[in-house]
Amino acid sequence: MIADNKLFYYRIFDDKEKLNYLKSSLSHEQLEKWLREYEGSHQKYVNPEFIEFLSMHDPEAEIIEISDISY
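Asker: Is there a simple way to think about the pattern of salt bridges in this case?
Answerer: Two side chains that carry opposite charge are able to pair once their charged atoms sit near each other. Applying the stated criterion across every chain, the model contains 1 salt bridge. For Lys23, the salt bridge identified is with Glu62, shortest N-O distance 3.0 Å. Remark: Glu62 occurs in strand β3 (residues 62–64) and Lys23 occurs in strand β2 (residues 19–24); sequence separation between them is 39 residues. Owing to a relative accessible area of 15%, Lys23 belongs among the buried residues under this scheme. Glu62 gets classed as partly exposed once you look at its relative accessible area, which sits at 38%.

And the structure:
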């Protein structure tokens, strides 16, 4: 049996107005739940710290680096 390993991709901004992209196996609703918990225990929101927190609940969570390419 093949597992349903669906991945979701999100754009996130932190307090430094830094844009990152996030890969996660969590649905939007699940991600919002962990985001609220993170916000409840942090005064500042920094994407790498949030991803570190999130990875305790979602081992698939990681920041995705996006680079431009032209031809």
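Asker: Any chance you could explain the sheet that holds β2 here in plain terms?
Answerer: The strands that make up a sheet are held in pairs by hydrogen bonds between backbone atoms, and each pair lies either parallel or antiparallel. Here 3 strands make up an open sheet; going across it, the order is β1-β2-β3 and the pairing antiparallel. Strand pairing shows two members of the sheet lacking a second neighbour, β1 (8–13) and β3, which therefore form its edges. Neighbour-to-neighbour, the strand axes of this sheet turn through a mean angle of 40°, independent of strand direction. Inspection of the sheet shows β1 paired to β2 by 6 bridges, in the antiparallel sense. Note that in β2 the partner of Phe8 across the bridge is Ser24. Across the face of the sheet, helix α2 (residues 47–55) comes into contact with β1, β2 and β3 while running at roughly 10° to β2.

Asker: Explanation requested: the nonpolar core in the structure shown.
Answerer: One broad trend across soluble globular proteins is that nonpolar side chains are buried collectively. Core analysis: the largest hydrophobic core is formed by 12 residues, namely Tyr10, Ile12, Leu22, Leu26, Leu31, Trp34, Tyr38, Phe50, Ile51, Phe53, Leu54 and Ala61. Secondary-structure elements contributing two or more residues to this core are β1, α1 (28–41) and α2. Per-element accounting of this core gives the leading share, 4 residues, to α2. Excluding anything up to four places from it in sequence, Tyr38 contacts Lys44, Tyr45, Val46, Glu49, Phe50 and Phe53.

Conventions adopted
Within every chain, residues take consecutive numbers counted from 1 along the sequence as written. Only residues with pLDDT of at least 70 get local features here, since the model is predicted, and only at 80 or more are side-chain atom pairs given and counted; chain-wide, interface and lining totals rely on the full set of residues. Side-chain measures were taken over the full set of non-hydrogen atoms in the model, leaving aside hydrogen atoms and water. Any carboxyl oxygen of Asp or Glu within 4 Å of a side-chain nitrogen of Lys or Arg constitutes a salt bridge here. Helical segments are the DSSP runs of H or I of at least four residues, strand segments are the runs of E of at least two, and each set is numbered from the N terminus. Buried means the residue's accessible area, taken with a 1.4 Å probe over protein chains only, is under 20% of the maximum for its type, while exposed means over 50%, and partly exposed covers the values in between. When DSSP finds at least two bridges between two strands, those strands are taken to pair. The axes are straight lines fitted to the C-alpha atoms, using for helices just the contacting stretch, and the angles between their N-to-C directions are given from 0 to 180°. Contacts are assigned to residue pairs with any non-hydrogen atoms lying within 4.5 Å of each other. We call a set of buried Ala, Val, Leu, Ile, Met, Phe, Trp, Tyr and Cys residues a nonpolar core when their side-chain atoms join them within 4.5 Å.

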